[in-house]
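These are the residues of each chain, in order.
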Amino acid sequence: MSERIYENDLRLPALYLISLNNGRINTTELSQMLREILKPSGEDLEILANRSDDYFSQIVRNLTASKRPFVKNGFIHRDTKSGSPLFITDKGRQYLSEHKFELKYLLTNDF
């Protein structure tokens with residue numbers, strides 16, 4: 001059984017990808033890029049009941065929702081409109097800088 005990926009697991013890689021594409025990435029694009037890095041499996045790939053997407057996509061959408069802690073606590077900024085671009089804030093850049101070793105480990109090891 002594979003380990004589930006949770007919202008908090010996505011913070012560092014999401015900040016990294018948003019910083020690389022600042023203002024030119026939306027939640028759908030971020031989800032696709034995170035999928036390439038994290039290679040979700042098992043339950044994360046199961047389609048949600050009455051939906052056309054899987055658990056992993058839902059987790060990414062939750063992470064970037066304007067009422068969730070990642071946005072409310074100021075790591076990223078986004079418009080409330082669906083499909084709007086994601087921007088990393090100064091707080092997000094600082095968090096990324098403070099966790100660069102964890103990020104490097106995450107990006108260079110195959111999970």
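Read on for an overview of the structure. (Residues numbered from 1 in each chain as written. Predicted model: local features only at pLDDT ≥ 70, side-chain atom pairs only at ≥ 80, totals over all residues. Heavy atoms only, no water.)

Quick word on unusual backbone geometry
The line we're drawing: Numbering of helices and strands runs from the N terminus; a helix is a DSSP stretch of H or I covering at least four residues, while a strand is a stretch of E covering at least two.
Positive phi outside glycine occurs at lysine 39, with the angle close to 45°. Tracing the backbone through its elements, the reader meets lysine 39 in the loop between helix H2 (27-38) and helix H3 (55-64). Not every positive phi belongs to a glycine, and asparagine 50 is a case in point at roughly 60°. By secondary structure assignment, the location of asparagine 50 is in the loop between H2 and H3.

Side note on the packing of aromatic side chains
For the record, the criterion: Here a Phe, Tyr or Trp ring, Trp counted by its six-membered ring, pairs with any other such ring whose centre lies within 6.5 Å, and the pair is stacked when the planes are under 30 degrees apart, edge-to-face when over 60, and tilted otherwise. In this scheme, a residue with accessible area under 20% of its type's maximum is buried, one over 50% is exposed, and one in between is partly exposed, where area comes from a 1.4 Å probe on protein chains only. For a lysine, the NZ atom is tested; for an arginine, the CZ atom; a charge sits over a ring if that atom is within 6 Å of the ring centre and within 35 degrees of the ring normal.
Within the structure shown, the criterion is met by two aromatic pairs. Seen in terms of ring centroids, phenylalanine 70 and phenylalanine 75 are 5.7 Å apart; in terms of plane orientation they differ by 20°. Their pairing is stacked. In this structure, phenylalanine 70 and phenylalanine 75 share a single accessibility class: buried. Judged by centre distance (5.1 Å) and plane angle (70°), the ring pair of phenylalanine 75 and tyrosine 95 falls under edge-to-face. Taken together, the residues phenylalanine 75 in the loop between helix H4 (69-72) and strand E1 (76-78) and tyrosine 95 in helix H5 (residues 90-98) connect sequence positions 20 residues apart. Three or more aromatic residues link up through ring pairs in this structure, and these residues are Phe70, Phe75 and Tyr95. Residue placement shows arginine 4 over the ring face of tyrosine 55; its charged tip is 5.0 Å from the ring centre. Above the face of the phenylalanine 75 ring, lysine 91 is positioned so that its terminal group lies 5.1 Å from the ring centre.

Here we look at the layout of surface pockets
Test applied: Throughout, the protein atoms alone are placed on a 1 Å grid, and a set of points is a cavity if a 1.4 Å probe fits but cannot get out or a pocket if it is open with protein on both sides within 12 Å along at least five of seven lines; lining residues have an atom within 4 Å of a point. Grid points are joined across faces, edges and corners, and a volume is the space filled by probe spheres set on the points. Each residue gets one label: Ala, Val, Leu, Ile, Met, Phe, Trp, Tyr, Cys and Pro are nonpolar, Asp, Glu, Lys and Arg are charged, and the others, such as Gly, are polar.
In this structure, the largest pocket spans a volume of roughly 300 Å³. Lining the largest pocket are 17 residues, with Thr27, Thr28, Arg61, Thr64 and Ser82 positioned closest to its centre. At the level of elements, H2 and H3 are the ones that each hand at least two residues to the lining of the largest pocket. Per-element tally for the lining of the largest pocket: the top contributor is H2, with five residues. Along the lines of polarity and charge, the residues of the lining of the largest pocket split into two nonpolar, 11 polar and four charged.

Topic: the nonpolar core
Note the cut-off: Buried Ala, Val, Leu, Ile, Met, Phe, Trp, Tyr and Cys residues that are joined via side-chain atoms within 4.5 Å together make up what is termed a nonpolar core. It only takes one pair of heavy atoms within 4.5 Å for two residues to be counted as in contact.
Of all hydrophobic cores here, the largest spans 24 residues; its most connected members are Leu10, Leu30 and Leu34. Among the secondary structure elements, those contributing two or more residues to this core are helix H1 (11-20), H2, H3, H4, strand E2 (86-88) and helix H6 (100-108). Setting aside chain neighbours within four positions, we find leucine 30 in contact with Ala14, Leu17, Ile18, Ile25, Val60, Thr64 and Leu86.

Focus: the packing of H1 against H2
Any two packed helices are characterised by how steeply their axes cross, that is the angle between the axes, and by the distance between the axes. Here is the rule we go by: For helices, the fitted axis covers only the stretch in contact; all axes are lines through C-alpha atoms, and the angles between them, taken along N-to-C directions, range from 0 to 180 degrees. Any angle that falls under 35 degrees is termed roughly parallel, while one over 145 is termed roughly antiparallel, one within 65 to 115 roughly perpendicular, and all others oblique. Handedness of a helix crossing follows the sense of rotation of the near helix relative to the far helix, less than a right angle counterclockwise being left-handed and clockwise being right-handed.
Remark: H1 packs on H2, axes separated minimally by 10 Å, with the N-to-C direction vectors making an angle of 125°. It follows from the interaxial angle that H1 and H2 lie oblique. In the packing of H1 onto H2, the handedness of the crossing is right-handed. Note on element contacts: H2 touches H1 through Leu30, Met33, Leu34, Ile37 and Leu38, opposite Pro13, Ala14, Leu17 and Ile18. Classifying every residue of the contact of H1 with H2 gives nine nonpolar, no polar and no charged.

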